[in-house]
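# Descriptive structure summary
Here is what each chain is made of, one letter per residue.
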Amino acid sequence: MADQLDIFGFDESQLEEVKIDNPNTLAEVFNNIAADMVYCLKQSVKKEGLVYKGSLEQSIKMPVKMFGFRMVATLYLADYYDYLNQGVKGIGGTKKSGPNKGKPWVIKAPNSPYQFKKGPKVSHVKAWARSKGLNEYAVRNSIARTGIKPRYFFDNCMQETFYGEAFNKFKTDIRIVSGERVAKGLKEILKKWVYK
């Protein structure tokens, strides 16, 4: 097993979501692409204002682990992330009271694959509504009727990380590190062969 790990330069203590400036191993290269994704997601969550109590931001992790000869990066996010990413289509209908009585509710995510049937539970919006000085029943009704606006924070980071500058750097680092590993391995083999 030690030989397997040495091929990739794998050291579990290195595989954190911290960017390594000049990666020397494949593990560090994979760590960097994971760190780029995590950084992008956390910045996007902040930019989109999805930081109430920080639970979504704190859920974002992408550890890289070794399984045999494979390195696997697993992205962890709060289970509701895609509802915020793609939005949720509201129920719609017409307003029953207030100055806009009889006017239709404006649906925020008409093309979302998700749709409310009844809306969120009051208990899910209660703390947020109260923190803003709003009535939780009115907030719940508004969310149920209009839905949740798509933010595309996840889709944008996937695009940026795996098709943009970060991915080009990843491919370059893979070539450099792989070439250095092969050269080092051949040098060791030749050294053993010559000194026999």
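Residues numbered from 1 in each chain as written. Predicted model: local features only at pLDDT ≥ 70, side-chain atom pairs only at ≥ 80, totals over all residues. Heavy atoms only, no water.

What follows deals with the overall build of the protein. Summing up its helical and strand segments, the protein has 8 helices and 4 strands in all. Shown N-terminal to C-terminal, the secondary structure of the protein runs as helices and strands in the order α-α-α-β-β-α-β-α-α-β-α-α. Per-residue burial over the protein gives 32% buried out of 196 residues. Of the contacts formed within the protein by residues at least 6 apart in sequence, a portion of 60% connects residues at least 24 apart. When the accessible surface of the protein is summed, it comes to about 13,000 Å², and 55% of that surface belongs to carbon and sulfur atoms. (Helix = DSSP H or I, 4+ residues; strand = E, 2+ residues; numbered from the N terminus. Buried < 20%, exposed > 50% of the residue type's maximum accessible area, 1.4 Å probe, protein only. Contact = heavy atoms within 4.5 Å. Areas by Shrake-Rupley, 256 points an atom, 1.4 Å probe, with all protein chains shown as cover.)

Here the focus is the packing of aromatic side chains. Across all of its chains, the model carries 5 aromatic pairs by this definition. When the centroid spacing of 5.4 Å and the interplanar angle of 75° are considered together, the rings of Phe 30 and Phe 170 count as edge-to-face. You can see Phe 30 sitting in helix H2 (residues 26-47) and its partner Phe 170 sitting in helix H8 (residues 165-194), a full 140 residues away along the chain. Accessibility expressed as a relative area gives 13% for Phe 170, which makes it buried. Directly above the ring of Trp 105 sits Lys 95, whose terminal nitrogen or CZ lies 5.0 Å from the centroid. (Phe/Tyr/Trp six-rings, centres within 6.5 Å; stacked < 30°, edge-to-face > 60°. Lys NZ or Arg CZ within 6 Å of the ring centre and 35° of its normal.)

It is worth spelling out the packing of H2 against helix H7 (residues 153-163) at this point. To characterise two packed helices, one gives the angle between the axes of the helices and the distance between these axes. It is at 9 Å that the axes of H2 and H7 come closest, and there the two elements cross at 145°. With respect to the hand of their crossing, H2 and H7 are arranged in right-handed fashion. Taken together, the residues of H7 that come into contact with H2 (itself represented by Ile 33, Asp 36, Met 37, Cys 40, Leu 41, Ser 44 and Val 45) are Phe 153, Phe 154, Cys 157, Met 158, Glu 160, Thr 161 and Phe 162. When grouped by side-chain class, the residues that make up the contact of H2 with H7 number 10 nonpolar, 2 polar and 2 charged. (Axes fitted to C-alpha atoms, helices over the stretch in contact; angles between N-to-C directions. Left-handed = near helix turned anticlockwise from the far one by under 90°. Nonpolar A, V, L, I, M, F, W, Y, C, P; charged D, E, K, R; others polar.)

On to H2. Along its 22 residues, H2 runs 32 Å from first to last C-alpha, staying within 8% of the 32 Å computed at 1.5 Å per residue. Burial analysis of H2 places 16 of its 22 residues in the buried class, which makes it a mostly covered element. A positive backbone phi angle near 75° is found at Gly 49, which sits one or two residues after H2. (Expected span 1.5 Å × (residues − 1).)

A few words now on a nonpolar patch on the surface. Together, Tyr 52, Trp 128 and Leu 134 give the surface a local cluster of nonpolar side chains, amounting to about 270 Å² of exposed area. Take Leu 134: it is sitting in the loop between helix H5 (122-131) and helix H6 (136-146). Take Leu 134: its relative accessible area is 40%, and that puts it in the partly exposed class. (Patch = residues over 30% accessible without salt bridge, like charges linked within 9 Å, V, L, I, M, F, W, Y side chains within 5 Å. Salt bridge = Lys/Arg side-chain N within 4 Å of Asp/Glu carboxyl O.)

The next point concerns the state of the cysteines. Covalent bonding between the sulfur atoms of two cysteines is what defines a disulfide. In total, this model carries 1 disulfide according to the counting rule given. Each sulfur of the disulfide joining Cys 40 and Cys 157 lies 2.2 Å from the other. Given an S-S torsion of about -90°, the disulfide between Cys 40 and Cys 157 has left-handed geometry. Linking Cys 40 in helix H2 with Cys 157 in helix H7, this pair joins segments that are 117 residues apart in sequence. When sorted by exposure, Cys 40 lands in the same class as Cys 157, which is buried. (Disulfide = S-S within 2.5 Å.)

Attention now goes to unusual backbone geometry. Its identity as a non-glycine residue notwithstanding, Tyr 152 has a phi of 50°, on the positive side. Tracing the backbone through its elements, the reader meets Tyr 152 in the loop between strand E4 (147-148) and H7.

Running from N to C, H5 and H6 cross one another at 115°; their axes reach a closest spacing of 8 Å. With respect to the hand of their crossing, H5 and H6 are arranged in right-handed fashion. Two secondary-structure elements touch here, H5 through Val 122, Val 125, Lys 126, Trp 128, Ala 129 and Arg 130 and H6 through Glu 136, Tyr 137, Val 139, Arg 140 and Ile 143. Across the contact of H5 with H6, the residue classes break down as 7 nonpolar, no polar and 4 charged.

That's the geometry; what it means functionally is another story.
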